[in-house]
Amino acid sequence: MHTLGERAEATATGVKIGYVGGGSDGWAHTLINDLLQCAEVSGRVALYDIDYEGAAKNAKLGNELRTRKEAVGDWTFEAHREIEDALADADFVICSIQDPPEETFVHDIDLPKEYGIYQPVADTVGPGGTVRALRAVPQYREIARTVREECPDAWVINYTNPMTVCTRALYAEYPEINAIGLCHEVFHVQEFLAEVAEDHVEGAEDVSGSEIDITVTGINHFTWIDEAHWRDHDVFQYLDAEVEARRPLAGFEAGEFSDAGYWINNHRIALDLYDRFGLLAAAGDRHLAEFVPWYLAVEEPEEFHRWGVRLTPSSARVDADEGPAKMERYLSGDDEFEFTRSGEEAVDIMRALLGLEPVKTNVNHPNVGQCPDLPEDAVVETNVMITGSGVSPITAGQLPPQIRSMVQRHVTNQETIVEAGMEGDLDLAFRAFLNDALVTIERDEARELFTRLIETEREYFADYDLEGESVLAE
């Protein structure tokens, strides 16, 4: 197999992408869409999923779409029953996996509610995020082992949440791996800052989020921005005016968004955190609320609406996905797949790593000094420069002490979860569970909730010592 640099010097042809989670009804279609619109790179995509039929349908869809005139990219798609075959000699590995929501995610959201713990997302922190992370560590250890054996020099691009823990687990199992995690939350904040520029900078019209140059630091879904520029204009300076214009920040009525979309976001929590601590929190409000104890300290779920957001019910995680139905309509010809500009960066990043065109963006990567006041090797989210030589993190500087202490709490928990997953130790995992910002209930209740979550999803914890753990004992 050629090195990436050698391949780029040639024609960037014959590239192999191994896709773990290739039966996806969502992101797999985005990847197909983006690859078939990329003329500079060509090759094949090897789709692996425990749901082989889902991967096979995606392969069929991709191969049919490649014949369309809009498809300028020369890619073929193939499904594999074994992960080893999909990743053998791969140049890139993409990870986008999820356990069946009705067997896992539903319980992650609904059981904590019985204890008065509300989670808008439940995929990163909180009781649900913690349990999801514990399920993910063994899965990502398997992926890392396969990469080590089948394609040790490949670049791994992870899209799965909890982003930090999944990416960290790859490195914990295979320290020499080349892996990054991608998340689009910061892009949405750039779009918000583009609106701020349009409102305050004379002559600023139709500003796109990609035009906003920002400095990012922190951890996934709890990232922070301390600089934002549009051309030669400092956009950050206008945030005080935005806060004043929107006061009271928690000014909506309880229950006001009962009929709104589940993903509604008015940036009020991000601005409140800016008002409190001086940096702009760079993620959607639904995520940000889970990292601190106060926004979700409500008696009734509708009270959360005061911040311009709403909780996502577990039913939305099961019923709202139209992916399978859309797939059947695409394959039957009842619906026509429309090529779009997805806004995702995976293909641009692969082009950069192949030496075609550098990319500056934000990714999740082990801390090698880019966050000097956070632990070394912990996965952090900052700006990086990506070229044919690899991924070079850009130093983000130190966080204000108050923000650093909040971020550090979650870094400590994430590191503990990875360690617990590596050792199969649920007693150790329970310490991280107790230290989570949303677990404000009594210790006995926390233990009961933790035990119920593990026992309800027991089949997904086969890699843990379920018989010898004191936390699970009667």
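Residues numbered from 1 in each chain as written. Predicted model: local features only at pLDDT ≥ 70, side-chain atom pairs only at ≥ 80, totals over all residues. Heavy atoms only, no water.

So, the overall build of the protein chain
Part 1: Helices and strands together make up the secondary structure of the protein chain, namely 17 helices and 13 strands.
Part 2: Relative to the globule expectation of 23 Å for 474 residues, the C-alpha radius of gyration of the protein chain, 22 Å, shows essentially globular dimensions.
Part 3: Expressed along its principal axes, the backbone C-alpha trace of the protein chain runs to roughly 65 × 55 × 50 Å.
Part 4: Counting only residues that meet the buried cut, the protein chain has 58% of its 474 residues in that class.
Part 5: When contacts within the protein chain are restricted to residue pairs at least 6 apart in sequence, those whose partners lie at least 24 apart make up 72%.
Part 6: On the protein chain, roughly 19,600 Å² of surface is accessible, and the fraction owed to carbon and sulfur atoms is 42%.
Part 7: Between the centroid of the 37 positive side chains of the protein chain and the centroid of its 92 negative side chains there is a distance of 2 Å. (Helix = DSSP H or I, 4+ residues; strand = E, 2+ residues; numbered from the N terminus. Rg over C-alpha atoms; globule rule 2.2 N^0.38 Å. Buried < 20%, exposed > 50% of the residue type's maximum accessible area, 1.4 Å probe, protein only. Contact = heavy atoms within 4.5 Å. Areas by Shrake-Rupley, 256 points an atom, 1.4 Å probe, with all protein chains shown as cover. Lys, Arg positive; Asp, Glu negative; His and termini not counted. Charge placed at Lys NZ, Arg CZ, Asp CG, Glu CD.)

Some words on the pairing of strand β12 (residues 379–387)
Part 1: Extensive coverage of β12 is indicated by the burial of 7 of its 9 residues.
Part 2: Where strand β11 (residues 359–366) and β12 come together, 8 bridges link them in antiparallel fashion. The partner of H365 across the bridge, within β12, is V380.
Part 3: The pairing of β12 with strand β13 (residues 390–393) spans 4 bridges and is antiparallel. Its bridge partner lying in β13, T387 is registered against G390.
Part 4: With antiparallel pairing between neighbouring strands as the criterion, β12 and β13 make up a hairpin whose turn holds 2 residues. (Pairing = 2+ DSSP bridges.)

What to know about the pairing of strand β4 (residues 92–95)
Part 1: With burial as the criterion, each face of β4 is covered, one bearing F92 and I94 and the other bearing V93 and C95.
Part 2: As paired strands, strand β1 (residues 15–20) and β4 are joined by 4 bridges and run parallel to one another. Within β4, the position partnered with Y19 by the bridge is I94.
Part 3: Bridging between β4 and strand β5 (residues 155–158) involves 4 bridges; their strand directions are parallel.

A short note on the nonpolar core
Part 1: In terms of nonpolar packing, the biggest core is built from 112 residues, with V93, L193, W224, I225, L280 and L426 touching the most fellow members.
Part 2: Apart from the residues lying within four places of it in its own chain, the contact partners of L193 are I212, I214, I225, A228, V235, L239 and L280.
Part 3: Grouped together as the second largest cluster of nonpolar side chains are 44 residues, V15, A55, Y330 and A346 included. (Core = buried A, V, L, I, M, F, W, Y, C linked by side-chain atoms within 4.5 Å.)

Thoughts on the packing of helix α2 (residues 27–35) against helix α14 (residues 346–353)
Part 1: The N-to-C vectors of α2 and α14 enclose an angle of 50°; their axes lie 9 Å apart at closest approach. As summarised for this structure, α2 and α14 are arranged oblique, according to the angle between their axes. Each of W27, L31, D34 and L35 in α2 lies in contact with α14, whose residues at this interface are A346, V347 and M350.
Part 2: Of the residues assigned to the contact of α2 with α14, the class counts are 6 nonpolar, no polar and 1 charged. (Axes fitted to C-alpha atoms, helices over the stretch in contact; angles between N-to-C directions. Parallel < 35°, antiparallel > 145°, perpendicular 65-115°, else oblique. Nonpolar A, V, L, I, M, F, W, Y, C, P; charged D, E, K, R; others polar.)

Brief notes about unusual backbone geometry
Part 1: The omega angle of the peptide bond from N161 to P162 is 0°, so this bond is cis rather than trans.
Part 2: That bond from R247 to P248 is cis: its omega, -5°, falls within 30 degrees of zero.
Part 3: For P248, the location among the structural elements is in the loop between α9 (239–246) and α10 (268–277).
Part 4: Positive phi outside glycine occurs at D206, with the angle close to 50°.
Part 5: Checked against the element boundaries, D206 lands in the loop between α8 (185–200) and β7 (212–219).

A closer look at the layout of surface pockets
Part 1: The volume enclosed by the second largest pocket comes to roughly 890 Å³.
Part 2: Within the residue set of the lining of the second largest pocket, elements represented by two or more residues are α2, α8, β7, α14 and β11.
Part 3: Considering only residue class, the lining of the second largest pocket consists of 6 nonpolar, 13 polar and 10 charged. (1 Å grid on protein atoms, 1.4 Å probe; cavity = no way out; pocket = protein on both sides within 12 Å on 5 of 7 lines; lining within 4 Å. Points joined across faces, edges and corners; volume = space filled by probe spheres on them.)

Here's the deal with the packing of helix α16 (residues 426–435) against helix α17 (residues 443–456)
Part 1: Relative to each other, α16 and α17 sit at 125°, their axes nearing to 11 Å. Relative to α17, α16 is oriented oblique. Helix-helix and strand crossings are classified by hand; for α16 and α17 the assignment is right-handed. Contacts from L426, A429, F430, F433 and L434 in α16 reach R443, A446, R447, L449, F450, L453 and I454 in α17.
Part 2: Looking at the contact of α16 with α17, its residues break down into 10 nonpolar, no polar and 2 charged. (Left-handed = near helix turned anticlockwise from the far one by under 90°.)

Overview of the environment of E300
Part 1: With respect to the helices and strands, E300 occurs in the loop between α11 (285–288) and α12 (314–319).
Part 2: Classification of E300 as partly exposed rests on a relative accessible area of 45%.
Part 3: Counting along the chain gives 184 residues from E300 to G116, while the straight-line C-alpha distance between them is 8.7 Å.

What about the packing of aromatic side chains?
Two descriptors summarise a pair of aromatic rings, namely the distance from one centre to the other and the angle between the planes of the rings.
Part 1: Scanning the model with the defined rule gives 14 aromatic pairs in all.
Part 2: An angle of 40° between the planes, with centres 4.2 Å apart, marks the rings of W27 and Y159 as tilted. In this pair, W27 sits in helix α2 while Y159 sits in the loop between β5 and α7 (163–173), placing the two residues 132 residues apart along the sequence. An identical accessibility class is assigned to W27 and Y159; each is buried.
Part 3: Measuring from ring centre to ring centre gives 5.7 Å for W294 and Y295, while their planes differ by 55°; the resulting arrangement is tilted.
Part 4: On the basis of relative accessible area, W294 is assigned to the partly exposed category, the value being 30%.
Part 5: Cation over ring: R81 sits above Y52, and NZ or CZ is 3.8 Å from the ring centre.
Part 6: The ring centre of F105 lies 4.9 Å from the NZ or CZ of R132, which sits over that ring. (Phe/Tyr/Trp six-rings, centres within 6.5 Å; stacked < 30°, edge-to-face > 60°. Lys NZ or Arg CZ within 6 Å of the ring centre and 35° of its normal.)

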